[in-house]
Amino acid sequence: MHFEKPVPVTTIAQMIGATLIGNKDGMVTGINEIHKVEPGDLAFVDHPKYYDTCIKSAASFIIINKAADVPEGKALLVVDDPFEAYLKIVQFYRPFIPSTKLISDTAAIGEGTVLMPGAFVGHHVSIGKNCLIHPHVTILDYCIIGDDVVIQAGTVIGSDAFYYNKKTNREIHYRKMTSCGRVVIGNAVEIGANCSIDRGVSADTIIGDGTKMDNLVHIGHDTVVGKNCLFAGQVGIAGATTIEDNVILWGQVGVSKTLTIGKDAVIYAQSGVKDSIPGGKVYFGSPVEDAREKMKEFVWIKRIPLLWEKVMGK
Amino acid sequence: MHFEKPVPVTTIAQMIGATLIGNKDGMVTGINEIHKVEPGDLAFVDHPKYYDTCIKSAASFIIINKAADVPEGKALLVVDDPFEAYLKIVQFYRPFIPSTKLISDTAAIGEGTVLMPGAFVGHHVSIGKNCLIHPHVTILDYCIIGDDVVIQAGTVIGSDAFYYNKKTNREIHYRKMTSCGRVVIGNAVEIGANCSIDRGVSADTIIGDGTKMDNLVHIGHDTVVGKNCLFAGQVGIAGATTIEDNVILWGQVGVSKTLTIGKDAVIYAQSGVKDSIPGGKVYFGSPVEDAREKMKEFVWIKRIPLLWEKVMGK
Amino acid sequence: MHFEKPVPVTTIAQMIGATLIGNKDGMVTGINEIHKVEPGDLAFVDHPKYYDTCIKSAASFIIINKAADVPEGKALLVVDDPFEAYLKIVQFYRPFIPSTKLISDTAAIGEGTVLMPGAFVGHHVSIGKNCLIHPHVTILDYCIIGDDVVIQAGTVIGSDAFYYNKKTNREIHYRKMTSCGRVVIGNAVEIGANCSIDRGVSADTIIGDGTKMDNLVHIGHDTVVGKNCLFAGQVGIAGATTIEDNVILWGQVGVSKTLTIGKDAVIYAQSGVKDSIPGGKVYFGSPVEDAREKMKEFVWIKRIPLLWEKVMGK
């Protein structure tokens with residue numbers, strides 16, 4: 001999330017009661033989680049294992065629970081509980097004000113766009129021209145929809161990220177990281193019925209122009225989908241993953257988090273993608289392999305009894 | 001889709017600016033895609049690979065992008081872009097007029113049927129007697145629901161087919177084939193929460209009497225499901241497939257397109273059906289095999305280390 | 001389901017026209033199906049195969065279609081069709097009165113709880129304090145929601161159990177067992193978008209404090225989920241299963257019915273759990289095995305060609 005205008009780091013430090021180390025003159029331009037961080041951003045870290053990664057990331061400002069060396073030009077904001085400090089900042093700069101109307105007065109709806117009965121459009125949503133939003137679609141605050149988009153009935157755009165801070169010493173182990181990112185949907189995208197596309201934790205979940213999805217598809221937070229992709233029914237993609245252009249995922253394919261599927265890849269039905277895979281190829285299996293190799297493997301398995309008989313006797 | 005009354009082929013030819021070859025006196029009774037075509041129907045073909053199949057199909061009238069020999073009694077309608085011509089005809093004879101009310105005035109609702117708050121019922125929908133339609137169910141235009149049907153909350157009946165015309169020379173590769181088919185649901189059918197059943201592209205998606213589905217089930221366009229079937233949670237069935245009577249699909253089973261599952265077949269959870277399979281048997285695996293054979297295979301795989309030791313030594 | 005106050009067994013016998021055998025002075029405290037039965041409960045059995053199990057269960061009163069020996073203190077209620085008798089009792093003591101409003105007047109909503117536009121809250125629902133119920137959520141009759149609960153858009157709480165009485169000699173083979181149980185959700189539970197949680201057939205589906213679910217998750221009837229569990233997107237759990245505390249199910253995991261997953265178990269994505277498994281371990285596969293063993297198996301399979309060459313020659 002970018003702030004509406006840059007905020008002095010001293011203002012942030014004061015808000016969260018932090019001790020400021022390093023560059024006290026910096027201006028914070030936004031807030032981000034570690035996978036999506038950019039220069040000018042504020043990030044947070046609360047575990048020694050990740051101190052170094054976070055301090056050396058693109059983030060200019062780091063909320064941390066222990067003083068440490070800080071690179072030239074950056075600043076550390078030292079507090080007891082960085083996660084709670086982060087939440088406080090998010091909730092101040094992006095407060096959640098639940099809409100009381102089906103269509104918020106602050107939503108911008110383009111010419112020729114049809115909202116069918118029961119469609120919900122939250123605050124500061126922007127929908128382009130000539131879209132068709134079916135009954136009972138939910139488009140939550142701050143999401144951006146392009147032109148010529150079709151969203152079928154019951155689909156939810158901008159649900160919160162499934163992203164928690166875990167501490168097993170609390171009675172409730174998981175504390176939600178408030179999502180302040182958006183979903184940004186390109187032109188000529190079509191989304192089936194009863195899908196869900198989560199917003200970014202602090203950055204954007206992006207669906208590229210011309211991509212089409214069937215029903216009951218799930219897209220996780222911060223995932224970036226390219227142009228002209230096809231996702232069949234019940235496909236599920238976890239968070240912060242990149243799907244390049246023209247990728248085809250057949251029915252019930254599952255894709256894990258923070259990986260990349262290369263351009264023009266095709267994944268057969270029910271496959272599971274757990275690591276990055278190059279484009280231009282056809283894959284199958286859970287976990288996926290080259291589809292032809294996987295098919296051969298099925299044949300090899302059928303030959304075990306013959307092998308057994310030869311070696312062990314009848 | 002059947003037209004309300006037969007239309008002279010010359011009228012259609014004029015509408016789409018086609019050169020007419022063959023029988024100029026024919027009456028067109030409807031429009032259909034190739035998997036569902038019947039005599040009297042108009043179909044379209046735009047790739048030389050499928051010219052022959054389409055011309056020799058049951059279709060009486062073929063929109064095509066090249067002149068060709070035409071069988072006795074049939075007619076070709078030659079245009080530059082058959083797909084766009086097809087869309088024009090569909091949109092003329094089945095125009096989409098988005099409803100502005102939750103319950104359309106043109107819907108017919110049978111005696112004793114309860115529509116709970118938030119249920120959407122589109123134009124020309126027919127619902128039989130003694131049905132229970134839960135909150136936030138969406139039943140879209142022209143769908144037909146029998147008697148004694150229960151549809152649980154959030155389910156969508158009549159979402160559009162996931163069916164596109166692909167041309168990679170366009171910036172947006174996929175152009176939607178406008179769905180003009182219906183969903184036709186028999187008597188005593190029960191459908192769980194947050195399911196989606198797509199309408200036929202031009203024919204009907206059919207659910208037979210007494211079939212019961214659990215939650216989050218997806219049924220593709222033009223699929224025909226028999227009587228007294230059971231589909232457990234998160235089952236997904238692709239388009240134009242036939243599921244015969246009494247078939248049981250356990251949780252998360254996936255079924256591919258344009259195939260047939262025979263009567264009384266049982267498919268264990270998480271299996272994937274990629275080709276037609278005979279009825280009366282129990283299946284498991286992705287892709288499915290005879291369940292007992294598949295179970296034995298798991299045992300054989302466990303024996304590889306022993307075989308290895310015998311052949312290769314420790 | 002517990003009755004509001006105990007009912008003399010003679011009253012029940014009269015209502016269903018049953019011949020009463022055994023203890024005629026008993027008071028019936030509730031009604032339950034066999035998996036969840038407690039002393040004081042009325043249960044039913046209509047197949048000789050299960051007579052003994054049902055009569056010897058915790059149930060104090062058994063509706064049965066044949067006279068039999070009855071243990072001291074219990075009673076049999078003999079009728080021709082126990083299932084229909086059971087339905088009659090359920091429908092008398094828990095009649096379904098469809099709500100005509102989005103928010104029923106009989107719902108109790110705690111302080112600080114926000115119901116967004118389009119949320120449906122049925123009769124006798126209780127929602128705790130400081131909850132956030134997103135647009136188009138459906139919470140059906142009698143469900144209980146704790147404090148600090150978040151339910152995202154389109155989710156359905158309290159859909160009916162997928163539970164049928166089968167008789168193939170009827171034209172419609174399956175007759176629904178009317179669900180009179182509830183869904184009981186603890187504190188600080190968070191549920192994603194477009195999920196579905198079925199109510200118990202006659203007992204409760206329970207979600208423990210602090211458990212978090214991603215989108216499109218399905219939980220079956222009478223399933224009991226512990227505290228601080230994490231279920232990723234598109235997880236599906238069948239009926240009457242027990243998931244103990246801190247269990248993590250990754251995306252698209254399927255869990256079968258009436259089994260137990262032990263505390264602290266972790267199940268990798270797309271796995272299938274068909275039998276009970278002990279806690280404290282990591283699992284993978286369909287059906288699941290110890291994850292490390294399963295990974296080794298993949299390596300063994302890759303070695304078959306080498307083994308073949310050694311034994312059979314090139």
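Criteria and thresholds
- Residues numbered from 1 in each chain as written.
- Chains lettered and ligands numbered in written order.
- Predicted model: local features only at pLDDT ≥ 70, side-chain atom pairs only at ≥ 80, totals over all residues.
- Heavy atoms only, no water.
- Helix = DSSP H or I, 4+ residues; strand = E, 2+ residues; numbered from the N terminus.
- Contact = heavy atoms within 4.5 Å.
- Areas by Shrake-Rupley, 256 points an atom, 1.4 Å probe, with all protein chains shown as cover.
- Buried area = accessible area lost by both parts, 1.4 Å probe.
- Salt bridge = Lys/Arg side-chain N within 4 Å of Asp/Glu carboxyl O.
- Polar contact = N/O pair within 3.5 Å; in protein donor to acceptor, adjacent residues only side chain to side chain.
- Buried < 20%, exposed > 50% of the residue type's maximum accessible area, 1.4 Å probe, protein only.
- Pairing = 2+ DSSP bridges.
- Expected span 1.5 Å × (residues − 1).
- Least-squares fit on C-alpha atoms with pLDDT ≥ 70 in both.
- 1 Å grid on protein atoms, 1.4 Å probe; cavity = no way out; pocket = protein on both sides within 12 Å on 5 of 7 lines; lining within 4 Å.
- Points joined across faces, edges and corners; volume = space filled by probe spheres on them.
- Nonpolar A, V, L, I, M, F, W, Y, C, P; charged D, E, K, R; others polar.
- Arc of directions from axis to C-beta.
- Phe/Tyr/Trp six-rings, centres within 6.5 Å; stacked < 30°, edge-to-face > 60°.
- Lys NZ or Arg CZ within 6 Å of the ring centre and 35° of its normal.
- Domains from an automatic or database assignment.

Observations concerning the overall build of chain A
Logical step 1: A tally of helices and strands in chain A yields five helices and 34 strands.
Logical step 2: For chain A, the C-alpha atoms occupy an extent of roughly 80 × 55 × 40 Å along the three principal directions.
Logical step 3: Sequence separation of at least 24 residues holds for 25% of the intrachain contacts in chain A that already meet a minimum separation of 6.
Logical step 4: If you sum the accessible surface of chain A, you get close to 12,300 Å²; carbon and sulfur atoms cover 53% of it.

Description of the interface of chain C and chain B
Logical step 1: With 52 residues of chain C in contact, the opposing surface of chain B contributes 42 residues.
Logical step 2: Both faces combined, the contact of chain C with chain B buries some 3,700 Å², and carbon together with sulfur accounts for 66% of it.
Logical step 3: The largest contributions to the chain C side of the interface with chain B come from C:Phe162, C:Tyr174 and C:Leu307, which together make up 19% of the buried area.
Logical step 4: Joining chain C to chain B, the criterion identifies three salt bridges.
Logical step 5: Here C:Lys176 and B:Glu190 are joined by a salt bridge, their closest N and O atoms 3.2 Å apart.
Logical step 6: Summed over the shared surface of chain C and chain B, the number is 25 residue pairs in polar contact (both at pLDDT 80 or more).
Logical step 7: When contributions to the side of chain C that touches chain B are tallied by element, the ones reaching two or more residues are β15 (156-159), β17 (174-176), β20 (196-198), α4 (291-302) and α5 (304-312) of chain C.

Looking at the environment of B:Ala43
Logical step 1: Positionally, B:Ala43 belongs in strand β4 (residues 41-45).
Logical step 2: B:Ala43 gets classed as buried once you look at its relative accessible area, which sits at 1%.

Side note on the sheet that holds strand β31 (residues 266-267) of chain C
As a general point, the strands of a sheet are linked pairwise by backbone hydrogen bonds and lie either parallel or antiparallel.
Logical step 1: Pairing in this open sheet of ten strands is mixed, and the strands run β8-β11-β14-β19-β22-β25-β28-β31-β33-β34 (chain C) from one edge to the other. Only two strands of the sheet have a single neighbouring strand rather than two, namely β8 (114-115) and β34 (289-290) of chain C.

Digging into the pairing of strand β5 (residues 61-64) of chain C
All names here are of chain C.
Logical step 1: Burial along β5 is two-sided: Phe61 and Ile63 facing one way and Ile62 and Ile64 facing the other are all buried.
Logical step 2: When β5 meets strand β6 (residues 75-78), the two strands line up parallel, connected through four bridges. The residue of β6 that forms the bridge with Ile64 is Val78.

Things to note about helix α3 (residues 82-93) of chain B
Logical step 1: Over its twelve residues, α3(B) extends 17 Å from the first C-alpha to the last, a length consistent with the 16 Å expected when each residue adds 1.5 Å.
Logical step 2: If you check which residues of α3(B) are buried, you get B:Pro82, B:Phe83, B:Ala85, B:Tyr86, B:Leu87, B:Ile89 and B:Val90.

Structural notes on the relation of the copies chain A and chain C
Both copies of the chain are related by a screw-like operation: a rotation about an axis and a shift along it.
Logical step 1: Laying chain A over chain C is done by rotating through 120 degrees and shifting 0.0 Å along the axis; what remains is an RMSD of 0.0 Å. The two molecules are tied by a three-fold rotation axis, judged by turn and shift.
Logical step 2: Here only 19% of the interface residues in chain A have copies in chain C that are interface residues too; the copies meet through unlike faces.

Comments concerning empty space enclosed by the protein
Any empty space left between atoms is shown by rolling a water-sized probe over those atoms.
Logical step 1: Scanning the model with the defined rule gives five cavities of 30 Å³ or more in all.
Logical step 2: Approximately 840 Å³ is the volume attributed to the largest cavity.
Logical step 3: Lining the largest cavity are 36 residues, with A:Gln270, A:Ser286, B:Gln270, B:Ser286 and C:Ser286 sitting closest to its centre.
Logical step 4: Among the secondary structure elements, those contributing two or more residues to the lining of the largest cavity are α4 (291-302) of chain A, α4 (291-302) of chain B together with α4 of chain C.
Logical step 5: Of the residues contributing to the lining of the largest cavity, the split by class is 13 nonpolar, 17 polar and six charged.

Concerning the interface of chain A and chain C
Reports often express the size of an interface as the amount of accessible area lost when the parts come together.
Logical step 1: Across the boundary between the two partners, chain A contributes 52 residues, which contact 42 residues of chain C.
Logical step 2: Here chain A meets chain C over a buried area of about 3,700 Å², counting both sides, of which 66% is carbon and sulfur.
Logical step 3: A salt bridge links A:Glu297 to C:Lys302, with the nearest nitrogen and oxygen atoms 2.2 Å apart.
Logical step 4: For the pair chain A and chain C, the number of links is 26 residue pairs in polar contact (both at pLDDT 80 or more).
Logical step 5: Elements represented by at least two residues in the side of chain A that touches chain C include exactly β15 (156-159), β17 (174-176), β20 (196-198), α4 and α5 (304-312) of chain A.
Logical step 6: Top element by residues in the side of chain A that touches chain C is α5(A). It accounts for five residues.
Logical step 7: Class assignment for the residues of the side of chain A that touches chain C results in 23 nonpolar, 20 polar and nine charged.

Regarding unusual backbone geometry
Residues and elements named next belong to chain B.
Logical step 1: In this structure, Pro287 follows Ser286 across a cis peptide bond, with omega equal to 0 degrees.
Logical step 2: By secondary structure assignment, the location of Pro287 is in the loop between β33 (282-284) and β34 (289-290).
Logical step 3: Here Ala240, not a glycine, exhibits a phi torsion of approximately 55 degrees, which is positive.
Logical step 4: Among the structural elements, Ala240 can be located in the loop between β26 (236-237) and β27 (242-243).
Logical step 5: We note that Gln270 has phi near 70 degrees; this positive angle belongs to a residue other than glycine.
Logical step 6: Positionally, Gln270 belongs in the loop between β31 (266-267) and β32 (272-273).

Considering the side chain of C:Gln270
Logical step 1: Taking relative accessible area as the criterion, C:Gln270 reaches 14% and is therefore assigned buried.
Logical step 2: Setting aside anything within four residues of it in sequence, one finds C:Gln270 in contact with A:Gln252, A:Val253, A:Gly254, A:Gln270, A:Ser271, A:Gly272, A:Ser286, B:Gln270, C:Gly251, C:Gln252, C:Val253 and C:Ser286.

Focus on the environment of A:Asp204
Residues and elements named next belong to chain A.
Logical step 1: Within the fold, Asp204 resides in strand β21 (residues 204-207).
Logical step 2: Taking the C-alpha atoms as reference points, Asp204 and Cys180, separated by 24 residues in sequence, lie 9.0 Å from one another.
Logical step 3: In contact with Asp204, other than residues within four places in its own chain, are Gly181, Arg182, Val184, Asp222 and Thr223.
Logical step 4: Of note is the side chain of Asp204, whose polar atom sits 2.8 Å from the side chain of Arg182.

Section: helix α2 (residues 48-55) of chain A
An α-helical turn contains 3.6 residues, so a residue and the one three or four places further along point in the same direction.
Logical step 1: By the burial criterion, the buried members of α2(A) are A:Tyr51, A:Cys54 and A:Ile55. Buried residues in α2(A), looked at end-on, bunch into an arc of 90 degrees, giving them a common side.

A closer look at the relation of the copies chain C and chain B
Logical step 1: Each copy superposes on the other: chain C lies on chain B with an RMSD of 0.0 Å after a rotation of 120 degrees and an axial shift of 0.0 Å.
Logical step 2: Comparing interface residues between copies, only 19% of those in chain C also sit at the interface in chain B, which points to a heterologous contact through distinct surfaces.

Quick notes on the pattern of salt bridges
Logical step 1: Throughout the structure, instances matching the rule amount to 42 salt bridges over all chains.
Logical step 2: With its nearest N and O atoms 3.9 Å apart, the salt bridge here joins C:Lys167 to C:Asp46. In this pair, C:Lys167 is assigned in the loop between β16 (164-166) and β17 and C:Asp46 in the loop between β4 (41-45) and α2 (48-55), connecting sequence segments 121 residues apart.
Logical step 3: Using a relative accessible area of 27% as the deciding quantity, one classes C:Lys167 as partly exposed.
Logical step 4: Connected via shared salt-bridge partners are A:Asp160, A:Lys176, C:Glu190 and C:Lys212.

Side note on the environment of C:Lys167
Logical step 1: With 42 residues separating them in the primary sequence, C:Lys167 and C:Val125 have C-alpha atoms 34 Å apart.
Logical step 2: Apart from the residues lying within four places of it in its own chain, the contact partners of C:Lys167 are C:Asp46, C:Asp81, C:Ile172 and C:His173.

Section: the packing of aromatic side chains
Logical step 1: Inspection of the entire model under this criterion finds 27 aromatic pairs over all chains.
Logical step 2: Of the aromatic side chains, those joined through ring pairs into one cluster are A:Phe3, A:Phe92 and A:Tyr93.
Logical step 3: Taking NZ or CZ as reference, A:Arg94 lies 3.6 Å from the ring centre of A:Tyr142, over its face.
Logical step 4: Here the guanidinium or amino end of B:Arg303 rests over the ring plane of B:Trp300, the centre of that ring lying 4.5 Å away.

Focus: the domain arrangement of chain A
All names here are of chain A.
Logical step 1: Under the domain assignment, chain A is made up of domain 1 (2-93) and domain 2 (108-291).
Logical step 2: The C-alpha-based centres of domain 1 and domain 2 are spaced at 29 Å.
Logical step 3: The interface of domain 1 with domain 2 comprises 14 residues on the first partner and 14 residues on the second.
Logical step 4: Between domain 1 and domain 2, roughly 1,200 Å² of surface is buried when both sides are summed, and carbon and sulfur atoms account for 56% of that area.
Logical step 5: Looking only at domain 1, the three residues that lose the most surface to domain 2 are Glu33, Lys36 and Phe83, adding up to 40% of its buried area.
Logical step 6: Across the contact surface, domain 1 and domain 2 share two salt bridges.
Logical step 7: Notably, a salt bridge pairs Glu84 with Arg175, separated by 2.4 Å at the nearest N-O pair.
Logical step 8: Across the contact surface, domain 1 and domain 2 share seven residue pairs in polar contact (both at pLDDT 80 or more).
Logical step 9: Looking at which element gives the most residues to the side of domain 1 that touches domain 2, the answer is helix α3 (residues 82-93), with six residues.
Logical step 10: Of the residues that constitute the side of domain 1 that touches domain 2, the class distribution is six nonpolar, three polar and five charged.

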